[in-house]
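# Remarks on the overall topology
Each chain, written out:
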Amino acid sequence: MRIANGLDEASSVHWHGMHLPARMDGGPHQMIDPGGTWTPRWSVDQPAATLWYHPHPHGATEQHVRKGLAGMFILDDERSTKLALPKRYGVDDLPVIVQDVRFDGAKLDGGRKIMQNVGFLGDRTMVNGTLHPYREVDDELIRLRLLNASTARTYAFGFPDDRAFSLIATDGGLLERPESMDRLQLSPGERAEIVVRMRAGERVMLRSFPQDNYGDSWQRRFGGGDDSFDVLELRAAEELRPSPGIPTALGELETPDGTDAVRGRHFDLKRSGINKRSMDMGRVDETVTRGTTEVWTVRNSNGMPHNFHVHDVQFRVLEVNGEAPSAALRGPKDTVFLPNGTTMKLALRFTGPADPDTPYMYHCHLLFHEDEGMMGQFVVVEKGQRAQAPSGTRGTPGHSGHKHG
Ligand SMILES: [Cu+2]
């Protein structure tokens, strides 16, 4: 990749969901100066998936993403190309990058209202950078690659007639089998691939609906969990091309099931920091041994919604509040939503190259919280190796590591 920074400020480009060496990750340690370029290289070695990229400058990620620096990254592989799924890009396989925005005249407005403790919430919705989007479709089955590229807003996607659709993939790729549902919740950073059946000549609106799984009435009201609005209209042709039925089996998961875990770690999510520590670019919080599996327990009792994203890996959700995960959480994940009062157990395997002095990030992907310091750093080392202080550490102008909460 060759990234040229044409902005008048430093930024970075993070490959969200990609398994790659830490120094290619595009996090806050790989800043690109104004006018500078960055040329990371790596081999793509992971299952077919819908990934994305966005800036990750420490303290300024919300602003950079909200202003539009985000895109989708589609990986195919041998298995995904052989399956009888809709896969003609732009025809029956559509990217759906969803962002909320607010305008002040012709300019984007990023102001956060008082009481909005999740961060910026827009009052209009864009898909692929387009307001009032619609798409004409000519096939019976349409695959939508949904990406929540918003900085704070959580969506519950569905259709007004409550028609069932098939979930075929989550953040890191295909499920073992399609799961039928009529609502799908995605918090910032999460992706999902769904297949929806069209009827000839109809117009149907993909919408976001009020959310049960968001928080109490106060949090729903001020965090956008009560909102409902149009996202994307699908306009079916008078005659549709027949599509083959969705395969009943999609393949095996590569994510670990946790039975070979060598250790557990706990992460307590608070707006003031994870495990009572605000992000410090010079501090390595966790050291992980390459090739091992771990079980991470992530808990939010902070009175507001958070989510949790881990760089480099796709993980499996083992438990949500002691129960087996719902259908929407059974595929490979790199980001999960944790409303207040949620505890999740995740199984993660770290197979990337060891690099004791370049950290990966884990953080809340409500980007206002991340910028405030809800982020930590882990390094992957060879057995017996120790973490080093991150090299080349530099901050973002204007961020002084101040305390919150
Ligand atoms: Cu958060």
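Source: prediction; values computed, not measured. (Residues numbered from 1 in each chain as written. Predicted model: local features only at pLDDT ≥ 70, side-chain atom pairs only at ≥ 80, totals over all residues. Heavy atoms only, no water.)

## Thoughts on the packing of aromatic side chains
To keep it simple, the criterion reads: Only Phe, Tyr and Trp rings are paired, with Trp represented by its six-membered ring, and only when their centres lie within 6.5 Å; those with planes under 30 degrees apart are stacked, over 60 edge-to-face, the remainder tilted. Where helices and strands are cited, they refer to DSSP runs of H or I of at least four residues and of E of at least two residues respectively, numbered from the N terminus. Each residue is assigned to one of three classes by its accessible area relative to the maximum for its type, calculated with a 1.4 Å probe on protein chains only: buried under 20%, partly exposed between the two thresholds, exposed over 50%.
For the coordinates displayed, the defined rule picks out 20 aromatic pairs. A centroid spacing of 6.5 Å and a plane angle of 85° characterise the contact between Tyr53 and Phe73, whose relative ring orientation is edge-to-face. One end of the pair, Tyr53, is in strand β4 (residues 49–54); the other, Phe73, is in strand β5 (residues 71–75), and 20 residues separate them in sequence. We classify Tyr53 as partly exposed; its relative accessible area is 31%. Seen from their ring centres, Trp296 and Phe350 are 5.7 Å apart, and the 35° between their planes marks the pair as tilted. Within this pair, whereas Trp296 is found in strand β23 (residues 293–300), its partner Phe350 is found in the loop between β27 (342–349) and β28 (360–363), the two being separated by 54 residues in sequence.

## Considering the coordination of the copper ion
Put simply, the rule is: Any N, O or S atom lying within 2.8 Å of the metal counts as a donor, with the limit raised to 3.2 Å for Na, K and Ca; because water is left out of the atom set, some sites can appear incomplete.
His306 (ND1), Cys364 (SG) and His369 (ND1) make up the full set of protein donors to the copper ion, lying at 2.0 to 2.1 Å. Sequence positions of the donors to the copper ion reduce to the motif H-x57-C-x4-H. Using a relative accessible area of 0% as the deciding quantity, one classes Cys364 as buried.

## With respect to the nonpolar core
Which entries qualify depends on this criterion: Throughout, nonpolar core names a set of buried Ala, Val, Leu, Ile, Met, Phe, Trp, Tyr and Cys residues whose side chains join them through atoms within 4.5 Å.
Formed by 32 residues in total, the largest nonpolar core has its most connected members in Trp296, Phe308, Val310, Val336, Leu346 and Phe378. Of all the elements in the fold, those that place two or more residues in this core are β20 (261–270), β23, β24 (306–310), β25 (316–320), β26 (335–338), β27, β28 and β29 (375–381). Grouped together as the second largest cluster of nonpolar side chains are 30 residues, Val127, Ile142, Leu184 and Leu206 included.

## Considerations on the layout of surface pockets
Applied cut-off: Buried and open spaces are told apart on a 1 Å grid over the protein atoms alone, a cavity being a set of points where a 1.4 Å probe fits but cannot get out and a pocket being an open set with protein on both sides within 12 Å along at least five of seven lines. Residues with an atom within 4 Å of a point are the lining residues. Grid points are joined across faces, edges and corners, and a volume is the space filled by probe spheres set on the points. Here the nonpolar group is Ala, Val, Leu, Ile, Met, Phe, Trp, Tyr, Cys and Pro; Asp, Glu, Lys and Arg are the charged ones; every other residue, Gly included, is treated as polar.
Considered as a void within the structure, the largest pocket measures approximately 530 Å³ in volume. As for the largest pocket, its lining consists of 25 residues, of which Leu184, Gln185, Asn213, Ser326 and Ala328 are closest to the centre. Contributing elements (two or more residues each) for the lining of the largest pocket: β15 (173–181), β16 (183–186), β17 (191–197) and β27. A total of 4 residues in the lining of the largest pocket trace back to one element, the largest contributor, which is β16. Classifying every residue of the lining of the largest pocket by side-chain character gives 13 nonpolar, 7 polar and 5 charged.

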